[in-house]
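This is what each chain is made of:
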Amino acid sequence: MDNAQKAIMIGVGLFVTILIIAAVMLIVNPAINLINNATNRVTNLSEALQNQLTQEYDDVTVTGAKVISTVQLYSTDQNMILEVQAVTSGDILELGKVRGDGTTSIAKPLSYDSSNVQTKVSALSDSTNPSTYVPASARYHAELIKSSTGDSVLGIKFTRVK
């Protein structure tokens, strides 16, 4: 009788274990699908944003008003490099949450430090400071800042056209 009880207990234990595994699988499978769907949506949004940036800012001339509105739009993005050369042959202003190195190809966005300070977006509209002022009717050449591998857009660089 003792062996029969042990066999029944082992059988019940296996049955309970199988039920627990089945319950976990019922919970995990939808979660995995949800994560995959979210990842696909983020990838699609990223591709759509890159396509939009390429259409609007890849080697085109834009007005100063467009420069200011673009900087205002993307200045809060944690991974977007925004560089503006407000005056012909002037300094390059860094306006994004991360900075570039003044070129259109960079390995990764750089952080600000004591020698590199982020310029406030409002400086572009300050007509009392000619080194940072972007007139609404001025013309700027827009270029995309891409990763060194060229597969992703990291930011936009605006250079004043004479």
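Look above for the structure.
Residues numbered from 1 in each chain as written. Predicted model: local features only at pLDDT ≥ 70, side-chain atom pairs only at ≥ 80, totals over all residues. Heavy atoms only, no water.

**Structural notes on the pattern of salt bridges**
We apply this condition: Salt bridges are defined as contacts in which a side-chain nitrogen from Lys or Arg sits within 4 Å of a carboxyl oxygen from Asp or Glu. The secondary structure listing takes helices from DSSP runs of H or I that are at least 4 residues long and strands from runs of E that are at least 2 residues long, numbered from the N terminus. Buried residues are those whose accessible area, probed at 1.4 Å on protein chains only, stays under 20% of the maximum for their type, while exposed residues exceed 50% and partly exposed ones sit between those limits.
According to the stated counting rule, one finds two salt bridges in the structure shown. Across the pair Lys-66 and Glu-56 runs a salt bridge, and its minimum N-O distance is 3.1 Å. Here Lys-66 is found in helix α2 (residues 64–74), whereas its partner Glu-56 is found in helix α1 (residues 2–57), with ten residues between them in sequence. We classify Glu-56 as partly exposed; its relative accessible area is 29%.

**Comments concerning the packing of aromatic side chains**
In this description, an aromatic ring pair is defined by two values, namely the gap between the centres and the angle between the planes. Where we set the bar: Note on aromatic pairs: the rings of Phe, Tyr and Trp (six-membered ring only in Trp) are paired at centre separations within 6.5 Å, and the planes decide the class, stacked below 30 degrees, edge-to-face beyond 60, tilted for the rest.
Applying the stated criterion across every chain, the model contains one aromatic pair. Measuring from centroid to centroid gives 6.0 Å for Tyr-57 and Phe-158, while their planes differ by 90 degrees, and the two rings are edge-to-face. With Tyr-57 in helix α1 and Phe-158 in strand β6 (residues 153–160), this pair connects stretches of sequence that are 101 residues apart. For the pair Tyr-57 and Phe-158, a shared accessibility class is recorded, and that class is buried.

**A look at α2**
Heads up, the condition is: As used here, the arc belongs to the directions running from the helix axis to the C-beta atoms.
Those residues of α2 that fall on the buried side of the exposure criterion are Gly-64, Val-67, Ile-68, Thr-70, Val-71 and Tyr-74. All buried residues of α2 project into a common sector of 165 degrees when viewed along the axis, lining one side.

**So, the pairing of β6**
Just so we agree on the cut-off: Two strands pair under a simple rule: DSSP has to find at least two bridges between them.
By the criterion of burial, β6 is predominantly enclosed, with seven of the eight residues buried. Both strand β2 (residues 81–85) and β6 contribute to a ladder of five bridges, which runs parallel. Bridge assignment links Leu-82 to a residue of β6, and that residue is Ile-156. The pairing of strand β5 (residues 139–147) with β6 spans seven bridges and is classified as antiparallel. Opposite Ile-145, over in β6, you have Gly-155 as the bridge partner. Hairpin connection of β5 to β6: five residues between the antiparallel strands, including Gly-150 at a positive phi of 80 degrees.

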